[in-house]
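Results of the structural survey
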Amino acid sequence: MIVRRLQDILNTERDVKTETWASRRLLLSEDKMGFSIHETTIFAGTQTHIWYKNHFEAVYCVEGSGEVELIPSGEIFRIEPGTMYALNKNDNHFLRADSGADLRLVCTFNPGLVGNEVHDAEGVYAAAPTEK
Ligand code: 9YT
């Protein structure tokens with residue numbers, strides 16, 4: 001059994017930060033579960049372009065509020081505590097956190113992330129190597 005606590009991975013290599021978010025990677029591909037789980041903070045008032053062409057991601061909001069805008073349709077979905085969204089079509093989108101408070105999300109990826117991924121210029125994470 002694997003037990004990990006957020007406090008144990010803060011400021012380690014499993015704590016990946018960019019200008020608009022911090023992702024605490026609790027479970028990764030190397031844990032051999034077939035998916036990964038992260039606690040992600042999207043910083044208040046920011047916008048991130050995301051397009052996971054190589055992964056499916058499901059996201060559950062536990063704190064804060066914001067919105068997802070699909071590209072190119074412009075359709076907007078409000079995100080607040082209790083909302084789950086799943087990018088089952090590798091949906092290209094903007095993720096925005098409202099100003100005033102950070103957005104706190106639990107994110108799961110299939111296939112699991114290796115651990116050091118950050119978005120490239122197109123909002124993509126590189127394909128994970130095949131799990132052994
Ligand atoms: C919701 C989302 O995809 N945010 C960007 C970071 C990502 N969740 C991650 O790597 O944990």
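Now for a quick tour of the structure. (Residues numbered from 1 in each chain as written. Predicted model: local features only at pLDDT ≥ 70, side-chain atom pairs only at ≥ 80, totals over all residues. Heavy atoms only, no water.)

1. Brief notes about the environment of Thr41
How we decide: Secondary structure counts use DSSP, requiring at least four H or I residues in a row for a helix and at least two E residues in a row for a strand, with both numbered from the N terminus. Throughout, a residue-residue contact means that at least one pair of heavy atoms, one from each residue, lies within 4.5 Å.
Note on placement: Thr41 falls in strand β3 (residues 36-42). For the pair formed by Thr41 and Val3, sequence separation is 38 residues and the distance between their alpha carbons is 21 Å. Those residues within four positions of Thr41 in sequence are excluded, and the remaining contacts are Thr20, Trp21, Ala22, Arg24, Asp102, Leu103 and Arg104.

2. Re the sheet that holds strand β8 (residues 84-86)
Threshold: Between any two strands, at least two bridges found by DSSP are needed for them to pair. Simply put, an axis is a line fit to the C-alpha atoms, just over the touching stretch for a helix, and the angle between two N-to-C directions goes from 0 to 180 degrees.
The strand order across the open sheet formed by six strands is β1-β2-β3-β10-β5-β8, and the pairing between neighbours is antiparallel. Edge positions in the sheet fall to β1 (15-17) and β8, since each of these pairs with one other strand and no more. Across this sheet, the average inter-strand angle for adjacent strands is 20°, counted without regard to direction. With seven bridges connecting them, β3 and strand β10 (residues 103-110) associate as antiparallel partners. Counted as the bridge partner of Ile42 is Leu103 from β10.

3. Here we look at the site of the ligand
What counts, and what does not: Residues are counted as near a molecule or strand when any one of their heavy atoms sits within 4 Å of it. Any pair of nitrogen or oxygen atoms within 3.5 Å is treated as a polar contact; in protein, a donor-acceptor pairing is required on top of that, and neighbouring residues in sequence qualify only through side-chain atoms on both sides. To measure how exposed things are, a 1.4 Å probe is used in the Shrake-Rupley method; for residues, cover is taken only from the protein chains shown. Buried and open spaces are told apart on a 1 Å grid over the protein atoms alone, a cavity being a set of points where a 1.4 Å probe fits but cannot get out and a pocket being an open set with protein on both sides within 12 Å along at least five of seven lines. Residues with an atom within 4 Å of a point are the lining residues. Pocket or cavity membership: a molecule qualifies when more than half of its atoms sit within 2 Å of the grid points of that site. Three categories are distinguished: nonpolar for Ala, Val, Leu, Ile, Met, Phe, Trp, Tyr, Cys and Pro, charged for Asp, Glu, Lys and Arg, and polar for the others, with Gly belonging to the last.
The local shell around the ligand holds 17 residues, among which Ser23, Arg25, His38, Tyr52 and Tyr125 are the closest. For the ligand, an oxygen atom lies 2.8 Å from a polar atom in the side chain of His38. Isolated, the ligand exposes 310 Å² of accessible area, and the fraction of that covered by the protein chains is 100%. Judged by its atoms lying within 2 Å of the grid points, the ligand is housed in the largest cavity. Looking at the shell around the ligand, the elements with two or more residues in it are β2 (21-27), β3 and β10. Classifying every residue of the shell around the ligand gives eleven nonpolar, four polar and two charged.

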